[in-house]
Amino acid sequence: MPSTLPAFPDSPFPAPVQPGGARIAPAGPAPGAQGAAPPSEPLRLLGALFRHRWIVLGVTAAGVAAGVGAARLVKPQYAAQGTVWIEAGGRENPAAGPIRSGGLLESYAWVELLKSYAVLDPVVRERRLYVAPASPADARLLEGMAEQGSVVPGGYRFTAGADGARWSLARDDGTVLQRGARGAVAGAPAGIAWVPPAAALAPGRVTGFTLRNPRDVARELGDAVEASMADDGHFLRLTLQGGDPARITATLNTLMERYVEVAAQLKRAKLDQLTGILQEQRDYAEANLRDSEAALEGFRVRTVTLPSDRATPVAPGLQITRDPVFAGYFDMRVRRDDLMRDRDALERVLAAARTGEGSLDALAVIPSVQASPDLARMLADRTARRAELRALRERYTDEAPAVRRLAGELATLETSAIPQAVAQLQASLDGGRAELDSRIASASGELRQIPARAIEEARLKRRVDIAEALYGTLRQRYEEARLAAVSSIPDLRVLDRAAVPTAPVQDRRPLVILLFAGAGLALALAIVLVLDRADRRVRYASQVTGMGLPVLAAIPQTRGALASRDPRGAAQLGEAFRELRLAVSHAHGGAGPLVLTVTSAMSGDGKSTVASGLAAAFAGQGQRTLLIDGDVRRGVLHRNLGLARTPGLIDLLNGTAGLGDVLRPVGSYWVIPSGARLKTGPELIGSPAMAALLAEVKPRFQVVIVDSPPLGAGVDAYVLGTLTGAMLMVVRTGATDGELAGAKLDLLDRLPVRVLGAVLNAVPPTRLYRGYSYLPGYEVQDEPGAALPASTPG
C-alpha cells in the first residue's frame, strides 16, 4: 500500500509503557465524569410530564369536557322559604274557660304535626309529586293526572297511534296494560285517572312517566322539609330545597296551607270534645239540682202540718232563730252533717273509679270539692286533657308521641294526683268534723231542745244552693265551649308565603367539573407514570451507570442551525467537548497515542457528531488528531464536514487509493472519509489492511478517533473496537434503547475491548439534568485586536 503521509515531527510525548506491556486500567472515574445518582422522584415525574405533556393536556382536557357534560345532568339546588306564625303559650288556669291564648300543642309537637301524613299525603296528591315525567315536555302533558284508587309504582309509556285517534298504555318492559280512543280516561290499571290532551295524541308520540308510592314520596317530603322553631318561639320557619324553583315553591306553599288547615281541624275537634264533656257534666249537675229541689220540697210537704217552734225558719233565706247561741249551734250541726256526707261521697266516687264502675266526673258535684281550689283545678285540667286526647286520637294512633305523652299525663293525673288531693281533702274534712264535734258537745247542754226538722230543712236548703251554683258554673262553661267550637280560630297562620328563588343555594356544577378535571389529571399522571416505567429508552444517567458504564460527559441539546445563532449554546457545547476530552484522556491512560472507537447502540444517537466534536477538541489543544469514518455502510462525516466521500477508507483498504489521497484537512485536524459503498466493505474493515492502516498512523498522530457503525448494525463496531482496543459509547438521551444497549455491551465483555465510558448526548436543559449544565457568564471569547493562531492541521 503506497504511503504519502505528510512529514510530522515526532511526538513530544512518548507513550509510557509499563513492565510487561500491560495497559493501565483507570483507578477511578475520570475527572470529567458526572455524578450518576438517580434523579429524585419529583424531578423524574416532572421530566416525564414534560415529555408527555400532550398526553397530559389531552387527557385533562377530556376530563374537563366530560365534567362539563356531567355538569349538565346536575341541577343547582334552590331553597324556598316560608314562615308560619303559631299562637303558642303555656297552659293557663282552666277556670278561664276554653277561649284562651294557650296553644293546641306544645312547641315541639308542631314540628311533629308538620311531618305527619295527615299533612303530607294531601300535599303529595294535590301536587302530583308521585308522578315523575320522563322529560320537561312530558311534565306539561301530565298536569291533569290524578290518583284513582291505589297507585301501582313503576315506569309507564303512553303511545299515541299513527292516526292520533287511538292510544295504548304499557309498562317500560313493553307489557300493554290498556288501550283506548281519544277522550277516554287512561291509567286505571296503574291506579290513576288521566284524560290525554291533544298534544299527547300527536301521531306516534310517546309520553313517558314513572309512578311512585305516594306514602314513600310523603316520607321523603317530610325528610326534605327543614323546620326550625325556638322552644318558646312563635315562628316556625320552613325550608324546602330542590332543583326546580317553581315546583318547590308551589309545594311549600301547599304544605303550609294544608298545615294550617289540619291544625284548625284539630282545634275544632278538641273544642267539640270539650263541649261534649261539659255537656255531660252540665246534665249531671242539672239532675243533681232537680233531686236536691225535690228533696227540699218533699220535706216541706211532709212537715207542713207539724207544729212550729221558735227554731224553725219563718221563710226561706231567713235565720232559723234570733238567738245567736241557737243559730251558731244549728250552723255547726249543718256543717258537720255536710262534712260527713261529702266525705262519704268522696269515698264512694274513688271506690267506684278504682273498680271501673264509676267516673271521677262525679267529684265535680261534691260541694267540698268545689271549695277546694287545688282539686277543682285538677278536675278542670283533666277535663281539658281528655278533650285534647280525644281530638288527637282522631288523627293519630295510640303509638304517636303526642298521644302517648298526653295519655301518660292523664293517667298520672287520674291515678296519682287526684286521689292524693282527695285524700288530703278527706283528712281536712275529718279535722273539721272533729272540731265541730267538740264545739257541738260544749253547746249541746243548752240547745238540746233544737228540733231536728229545722236542721234537716236547713241542710236540704244548703244542698239546693250548692247544686244550683254548680249547675250555673257548668252551664256557663258549656256555652263558652260551644261558642268557641262554632267560631274557632286556628292556632297558626301563614305569615310569609314562599317566593320563587332566583339564586341557587348550592351549585355543584363547578365542583363536578373540577372533580372530572382532577380525575382526568390523575389518569394522565397514571398514564405518564406507566409510560415512564415501561419506557425502554435511556433518559437518566443512573440507567447508564446501571449498565456498568461511567458517564464521562454530557453534550447539551442543540437545534441544528440555531446553535450557530446562540453564542451561549455554542459556548456550552465547546465546554462539553473539552470536558469529554479531559475525561477520555484520563480514562484511556496507557502508553502510546490515544486510539479510540466511537460507537452507539442505535443509529441516530449522534456518534458521528460526538466523534467530530471530540476530534476538534483534541486538535484545539494542539494534539495531532486523525478522524476516520469507519461507518462504511452509512457514514455521514463527509456530509457533516463538507467533504467528498471518495476516495476514502474503503478505497484505501482495497488498494485503489493511497493514504495521501484520502487524508483531508478539516480545520486543525485530519479526516479520512468512508469512501465508496461496497458489499465487501465490512470484510475490508476486519482485514489486515485496516490493522496495517492503524499501525501506520499511530506513530504520526497523537489521537486517532474511529467513527464506527452502531453496535446494532452488525459486526463492524466490534471489529473496530478490537483493532483500537478502546471504545467510547454514545447514548442519546430519550432515544437510545436501554435494553438493546445493555445486550450489545454484554457481547463486548467477551471481546478484548475496553469501554472507557459513555457520553450522554442531546441532554435537554431541564432541572432533571441541571448537574450537567454550566454557569453562565464564563464563555470564552476572542478579544478584539488579539493575534489568532494559524488553523493549519499539524
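Residues numbered from 1 in each chain as written. Predicted model: local features only at pLDDT ≥ 70, side-chain atom pairs only at ≥ 80, totals over all residues. Heavy atoms only, no water.

Trainee: I'd love a proper account of the overall build of the protein chain, names of residues and values included.
Mentor: Along its length, the protein chain carries 23 helices and 19 strands. Out of the 794 residues in the protein chain, the part that is buried amounts to 44%. The contacts of the protein chain with a sequence gap of at least 6 include a subset with a gap of at least 24, amounting to 78%. Split by element, the accessible area of the protein chain, about 39,500 Å² in all, is 55% carbon and sulfur. (Helix = DSSP H or I, 4+ residues; strand = E, 2+ residues; numbered from the N terminus. Buried < 20%, exposed > 50% of the residue type's maximum accessible area, 1.4 Å probe, protein only. Contact = heavy atoms within 4.5 Å. Areas by Shrake-Rupley, 256 points an atom, 1.4 Å probe, with all protein chains shown as cover.)

Trainee: So what's going on with the nonpolar core? Which residues, and what values?
Mentor: If you look at the biggest cluster of nonpolar residues, it comprises 57 residues, and the most contacted ones within it are F209, L211 and Y259. A per-element tally of this core places helix α7 (residues 245-303) first, with nine residues. When neighbours within four sequence positions are excluded, F209 is seen to be in contact with V131, A132, P133, A134, L142, M145, G154, G155, Y156, L169 and I192. (Core = buried A, V, L, I, M, F, W, Y, C linked by side-chain atoms within 4.5 Å.)

Trainee: Which residues make up the packing of aromatic side chains, and what are the values?
Mentor: Per the stated rule, a full pass over the model turns up four aromatic pairs. Centroid distance Y156 to F209: 5.7 Å. Interplanar angle 20°. Geometry classified as stacked. Highlighted residues: Y156 in strand β4 (residues 154-160) and F209 in strand β8 (residues 206-211), separated in sequence by 53 residues. Comparing Y156 with F209 shows no difference in burial state: the two are buried. Exposure remark for F209: the relative accessible area of 3% places this residue in the buried category. A cation over an aromatic ring shows up here: R215 above the ring of Y117, its NZ or CZ 3.8 Å from the ring centre. (Phe/Tyr/Trp six-rings, centres within 6.5 Å; stacked < 30°, edge-to-face > 60°. Lys NZ or Arg CZ within 6 Å of the ring centre and 35° of its normal.)

Trainee: If you had to explain the pairing of β8 to someone new, which residues and values would you point to?
Mentor: When a strand is regular, its side chains alternate between the sheet's two faces. Here three bridges tie strand β2 (residues 131-133) to β8, and the two strands are oriented antiparallel to one another. Counterpart to P133 in the pairing with β8 is F209. Looking at chain direction, β4 and β8 are connected through six bridges and run antiparallel. Bridge pairing links G155 to T210 in β8. (Pairing = 2+ DSSP bridges.)

Trainee: Could you give me a rundown of the sheet that holds strand β13 (residues 594-600), with the residues and numbers involved?
Mentor: Taken together, the eight strands give an open sheet; going across it, the order is β12-β19-β18-β13-β17-β14-β16-β15, and neighbouring strands pair in mixed fashion. One side of each edge strand has no neighbouring strand; the edge strands of this open sheet are β12 (551-556) and β15 (664-666). Strand-to-strand twist across the sheet, computed as the mean angle between neighbouring axes with direction ignored, equals 25°. In terms of strand pairing, strand β14 (residues 625-629) meets strand β16 (residues 669-672) through three bridges, oriented parallel. In the sheet register, L627 faces β16, and the bridge partner there is V671. (Axes fitted to C-alpha atoms, helices over the stretch in contact; angles between N-to-C directions.)

Trainee: Run through the pattern of salt bridges, naming residues and quoting values.
Mentor: Pairing between side chains of opposite charge can happen when the charged atoms of each approach one another. Going through the model one piece at a time under the given rule, you end up with 20 salt bridges. For R212, the salt bridge goes to E220, with nearest N and O atoms at 2.4 Å. The closest approach of N and O atoms between E286 and R290, which form a salt bridge, is 2.3 Å. Here E286 pairs with R290, and both are found in helix α7, just four residues apart, close to one helical turn. One salt-bridge network, held together by shared partners, links D381, R385, R405 and E409. (Salt bridge = Lys/Arg side-chain N within 4 Å of Asp/Glu carboxyl O.)

Trainee: Break down the packing of helix α4 (residues 117-127) against α7 for me, citing the residues and quoting the values.
Mentor: Packing of α4 against α7 leaves a shortest axis separation of 9 Å and a crossing angle of 140°. Overall, the two elements α4 and α7 adopt an arrangement that is oblique. Judged by the sense of rotation from one axis to the other, the crossing of α4 with α7 is right-handed. Contacts between α4 and α7 involve A118, V119, L120, P122, V123, E126 and R127 from the former and A250, T251, T254, L255, R258, Y259 and V262 from the latter. When grouped by side-chain class, the residues that make up the contact of α4 with α7 number nine nonpolar, two polar and three charged. (Parallel < 35°, antiparallel > 145°, perpendicular 65-115°, else oblique. Left-handed = near helix turned anticlockwise from the far one by under 90°. Nonpolar A, V, L, I, M, F, W, Y, C, P; charged D, E, K, R; others polar.)

Trainee: An account of helix α23 (residues 738-748) is needed here, citing residue identities and associated values.
Mentor: Residues G738, A741, G742, L745 and L748 constitute the buried set of α23. An end-on view of α23 places all buried positions within 110° of arc, on one side of the element. The inward-facing, buried residues of α23 abut α22 (716-724), β18 (726-732) and β19 (754-763). Taking the backbone nitrogen of E739 as reference, a side-chain oxygen 3.0 Å away marks D737 as the first, capping residue of α23. (Arc of directions from axis to C-beta. Polar contact = N/O pair within 3.5 Å; in protein donor to acceptor, adjacent residues only side chain to side chain.)

Trainee: Residues and numbers for helix α16 (residues 607-620), please.
Mentor: In a regular helix each residue adds 1.5 Å, so 14 residues correspond to 20 Å; α16 covers 20 Å between its end C-alpha atoms and thus fits that length. Most of α16 is tucked away, with eleven of its 14 residues classed as buried. K607, S608, V610, A611, S612, G613, L614, A615, A617, F618 and A619 are the residues of α16 that are buried. The first or second residue beyond α16 is G622, which carries a positive phi of 95°. (Expected span 1.5 Å × (residues − 1).)

Trainee: Give me the lowdown on the confidence of the model for the protein chain, citing residues and values where you can.
Mentor: In this model, the protein chain carries an average pLDDT of 78, and 81% of its residues clear a pLDDT of 70 or more. Mean pLDDT across the secondary structure elements of the protein chain bottoms out at helix α1 (residues 41-51), with 71, and peaks at strand β17 (residues 703-707), with 93. Note on residues 90-102: pLDDT is under 50 here. Beyond four places in sequence and across chains, it has 23 contacts. For the stretch residues 308-322, pLDDT sits under 50, and the model shows 27 contacts to residues farther than four places along the chain or on other chains. (pLDDT = per-residue confidence, 0-100.)

Trainee: Residue-level account of unusual backbone geometry, with values.
Mentor: Across residues other than glycine, the phi torsion is negative in most instances, and most of the peptide bonds are trans. T646 connects to P647 through a cis peptide bond whose omega is -10°. The residue P647 is located in the loop between α17 (637-641) and α18 (649-653) in this model. Of note, R128 is a non-glycine position whose phi angle comes to about 55°, a positive value. Looking at the secondary structure, you find R128 in the loop between α4 and β2. What makes R128 partly exposed here is its relative accessible area of 24%.

Trainee: Which residues make up the sheet that holds strand β9 (residues 226-228), and what values go with them?
Mentor: One open sheet holds the four strands; their spatial order is β9-β10-β1-β11, and the pairing between them is antiparallel. Two strands lie at the open edges of the sheet, namely β9 and β11 (492-496), each paired on one side alone. Taken pair by pair, the neighbouring strands of this sheet meet at an average axis angle of 25°, ignoring direction. Where β9 meets strand β10 (residues 235-242), three bridges bridge the pair, whose relative direction is antiparallel. From the neighbouring strand, E226 faces β10, where its bridge partner is T239. Sheet contacts for α7: β1 (78-86), β10 and β11; angle to β1, the most-contacted strand, approximately 15°.

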